[in-house]
Amino acid sequence: MPGRRGLLANLLDHRADGTPLIAPLARTEPFTAVLDALRDAPVPTLLDGDLVREAGDGPQRVRMVRGVGAVLRAAAETGALPSEAGVPWAVKPYVVDLPVQ
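Residues numbered from 1 in each chain as written. Predicted model: local features only at pLDDT ≥ 70, side-chain atom pairs only at ≥ 80, totals over all residues. Heavy atoms only, no water.

Moving on, we come to the overall build of the chain. Within the chain, the secondary structure is distributed over 3 helices and 2 strands. The secondary structure elements of the chain, listed N-terminal to C-terminal, are α-α-β-β-α. Over its C-alpha atoms the chain spans a radius of gyration of 22 Å, topping by over 25% the 13 Å that the globule rule assigns to 101 residues. C-alpha atoms of the chain, sized along the principal axes, occupy 60 × 35 × 25 Å. The buried share of the chain, taken over its 101 residues, is 11%. Excluding contacts between residues fewer than 6 apart, the proportion of contacts in the chain whose partners are at least 24 apart in sequence is 28%. Here the chain has roughly 8,600 Å² of accessible surface; of this, 59% comes from carbon and sulfur atoms. Here the chain contributes 11 positive and 12 negative side-chain charges, whose respective centroids are spaced 5 Å apart. (Helix = DSSP H or I, 4+ residues; strand = E, 2+ residues; numbered from the N terminus. Rg over C-alpha atoms; globule rule 2.2 N^0.38 Å. Buried < 20%, exposed > 50% of the residue type's maximum accessible area, 1.4 Å probe, protein only. Contact = heavy atoms within 4.5 Å. Areas by Shrake-Rupley, 256 points an atom, 1.4 Å probe, with all protein chains shown as cover. Lys, Arg positive; Asp, Glu negative; His and termini not counted. Charge placed at Lys NZ, Arg CZ, Asp CG, Glu CD.)

Right under this line is the structure:
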């Protein structure tokens, strides 16, 4: 697109001749921290068997976690996380300290 400059081309120019960066590295730290946290997070656990119920066919098929509505209502009422309710599909939250800007 005319008048637009790609970030990679800008970074290469910056390295070659000091052209100012469109997105200075200090401003990208929060974004990079979130990407690092997502990359380092444990692999999600897939649910199947008795924990999941299916309804419908083809593109209309829906998979539902059994009892999720009751667990979420209880969480809203008590403030307890689903992982604190002892349900088999809820795992302890993955927590990361991200830099504060």
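So that's the structure; there's more coming.
Successive residues of a regular strand alternate their side chains across the two faces of the sheet. Here strand S1 (residues 52-55) runs beside strand S2 (residues 62-65); their pairing, made up of 4 bridges, is antiparallel. Residue pairing across strands places Ala55 opposite Val62, the latter belonging to S2. What sits between the antiparallel neighbours S1 and S2 is a turn of 6 residues, in which Gly56 has the positive phi angle 85 degrees. (Pairing = 2+ DSSP bridges.)

Glancing now at the pattern of salt bridges. Counted by the stated rule, this structure contains 5 salt bridges. For the salt bridge of Asp13 with Arg5, the shortest nitrogen-to-oxygen distance reads 1.8 Å. Classification of Asp13 by relative accessible area gives partly exposed; the value is 27%. Overall, the relative accessible area of 44% leaves Arg5 in the partly exposed class. The closest approach of N and O atoms between Arg39 and Asp40, which form a salt bridge, is 3.1 Å. Of the residues examined, Asp40 reaches a relative accessible area of 47% and is grouped as partly exposed. In this structure, a network of salt bridges that share partners links the residues Asp36, Arg39 and Asp40. (Salt bridge = Lys/Arg side-chain N within 4 Å of Asp/Glu carboxyl O.)

With that settled, the discussion passes to a nonpolar patch on the surface. There is a patch of nonpolar side chains on the surface, built from Phe31, Val34, Leu35, Leu38, Tyr94, Val96 and Leu98 and spanning about 650 Å² of accessible area. Looking at the secondary structure, you find Tyr94 in the segment after helix H3 (68-78). Residue classification places Tyr94 among the partly exposed residues on the basis of a relative accessible area of 41%. (Patch = residues over 30% accessible without salt bridge, like charges linked within 9 Å, V, L, I, M, F, W, Y side chains within 5 Å.)

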